[in-house]
There are 2 protein chains.
Amino acid sequence: MKKYVIIVAGGFGTRMNNSVPKQFLLLAGKPVLFHTINAFFSYNNEISIILVLPSSQISKWKELCDENHLTIPHNIVEGGETRFHSVKNGLKSIEEAGLIAIHDGVRPLVSNETISRVYNTAEKLGTAIPVLSVNDSIREISNKTNKSVNRNNLKIVQTPQCFKSEIINKAYQQSYNEMFTDDATVVEKTGEEIFLVDGNNENIKITTAIDLLIAENLIQQLTN
Amino acid sequence: MKKYVIIVAGGFGTRMNNSVPKQFLLLAGKPVLFHTINAFFSYNNEISIILVLPSSQISKWKELCDENHLTIPHNIVEGGETRFHSVKNGLKSIEEAGLIAIHDGVRPLVSNETISRVYNTAEKLGTAIPVLSVNDSIREISNKTNKSVNRNNLKIVQTPQCFKSEIINKAYQQSYNEMFTDDATVVEKTGEEIFLVDGNNENIKITTAIDLLIAENLIQQLTN
């Protein structure tokens, strides 16, 4: 089946106290987004890459591609008001059927194995998302009280989240709902089962300056 | 009420691929445990500090105290087989009634405000533990399926966890149970309500080399 990835890069960098959007910050000398795009291209150089960017960032991104000699082919699509609307715009740009992964632009350290697992499982079962175990003690609040929950039953969700195109397209015909925290929650609402695969620990979401520093050190470890 | 803190430092450093136990590794030039002990001493210099260490590490710790001129008074107690048994040994060493906080030795960046909140709330209500919000999407596994859970109802639990001495002493008379992932789960089992206060983001648990690096950078930010 034809493979697509929609890379969603919507942030404006406010949490970073930085005027540069976090997906454009340098990691090991290249923009974060360069690493993200490269991860998918390295997995499969025939993959169709769709990058969703706020309209205000498109010209800057093109400049960065020129400066950094980024020649990996990708289509740029304008983002929407929320992540939900951005993904929807990305989906509209895809015409043929296939497997569509949706990935956070600020997760540059997704492994080849994680990418491979989500496409392979979605091809067989229709849906696949990467998850990790929970190491912290967790409590659940209900009414005015709270109780411990068995963390062995909880999983932390990452991206890329991968779906057969008919499943994800149908899901995104729903109206926006604030309970949609990721693509799996959008798809789940249509009654589809979500299949879980292993993620990778390094696949962190870069949202603060400390995260960028962690990513910098993870890259050094991974390339040593 | 008289204040105690039991600092539990049981790790052997295996996850760190390092023969030095993680609580002895250097952070900003001083052993991690030095920072942890200092956090409580800075909060209140009359606090009674009980450090629980594996018997094999006690002489090394004493050497480190001499080398680093650590003069903060603290009592050393020998650890047990699991964290539960180590805390129990720490509790046995306390004779007077009071407020007893229990803290992970490898959380050196607990803030003065977090420490203050747990003692103040436990003094009023009997129990207090610090918690943080969950930022990731979370799924819950049940039988062979899984579903999204509302992360707004979940909290990540930190230490120090603080209790009136009669409450924590009674709780630790129970037999060990593998569901005891922290002191709150031990106390909850006796029917006591657990009260939540805000933790602090920097109060991370140092269990990997990357965590140590994050802590190093957090210290630089906090002291700038």
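These notes cover the structure that comes with them.

About the criteria used
Residues numbered from 1 in each chain as written. Chains lettered and ligands numbered in written order. Predicted model: local features only at pLDDT ≥ 70, side-chain atom pairs only at ≥ 80, totals over all residues. Pairing = 2+ DSSP bridges. Helix = DSSP H or I, 4+ residues; strand = E, 2+ residues; numbered from the N terminus. Axes fitted to C-alpha atoms, helices over the stretch in contact; angles between N-to-C directions. Left-handed = near helix turned anticlockwise from the far one by under 90°. Contact = placed C-beta atoms within 7 Å. Nonpolar A, V, L, I, M, F, W, Y, C, P; charged D, E, K, R; others polar. Least-squares fit on C-alpha atoms with pLDDT ≥ 70 in both. Core = buried A, V, L, I, M, F, W, Y, C linked by C-beta atoms within 7 Å. Buried ≥ 20, exposed ≤ 12 C-beta atoms within 10 Å, placed from the backbone.

1. Observations regarding the pairing of strand 10 (residues 154–157) of chain B
Then comes step 1: One ladder, built from three bridges, connects strand 8 (residues 138–142) of chain A with strand 10 of chain B; its direction is antiparallel. Looking across to strand 10 of chain B, one finds that I138(A) is bridged to I156(B).

2. Observations regarding the packing of helix 1 (residues 32–43) of chain B against helix 4 (residues 112–125) of chain B
All names here are of chain B.
Then comes step 1: Contact pair helix 1 / helix 4: the axes reach a minimum separation of 10 Å and the direction vectors enclose 65°. As helix 1 packs across helix 4, the resulting crossing turns out to be right-handed. Contacts between helix 1 and helix 4 involve A39, F40, S42 and Y43 from the former and N112, I115 and S116 from the latter.
Then comes step 2: Taken together, the residues of the contact of helix 1 with helix 4 sort by class into four nonpolar, three polar and no charged.

3. Some details on the interface of chain B and chain A
Then comes step 1: Each partner contributes to the interface: chain B provides 31 residues, whereas chain A provides 31 residues.
Then comes step 2: Within the residue set of the side of chain B that touches chain A, elements represented by two or more residues are strand 8 (138–142), strand 9 (145–149), strand 10, helix 6 (183–188) and helix 7 (209–223) of chain B.
Then comes step 3: Split into classes, the residues belonging to the side of chain B that touches chain A amount to 13 nonpolar, nine polar and nine charged.

4. A few points about the environment of V87(A)
Then comes step 1: On the secondary structure map, V87(A) appears in helix 3 (residues 83–92).
Then comes step 2: Dropping the residues within four chain positions of it, V87(A) is found in contact with I6(A), V8(A), I102(A), Y172(A) and D183(A).

5. Concerning the relation of the copies chain B and chain A
Then comes step 1: For these two chains of identical sequence, chain B goes onto chain A by a turn of 180° and a shift of 0.0 Å along the axis, with RMSD 0.0 Å. Such a combination of turn and shift is consistent with a two-fold rotation axis. Ranked by how close their C-alpha atoms come to the rotation axis, the residues of chain B are headed by I214(B), at 3.4 Å.
Then comes step 2: Taken together, the interface assignments show that 100% of the residues at the interface of chain B recur at the interface of chain A, consistent with an identical surface on both copies.

6. Section: the nonpolar core
Then comes step 1: Of all hydrophobic cores here, the largest spans 115 residues; its most connected members are I6(A), I7(A) and I6(B).
Then comes step 2: Residues within four places of I7(A) in sequence aside, it is in contact with T36(A), I37(A), I49(A), I50(A), L51(A), V52(A), H103(A) and G105(A).

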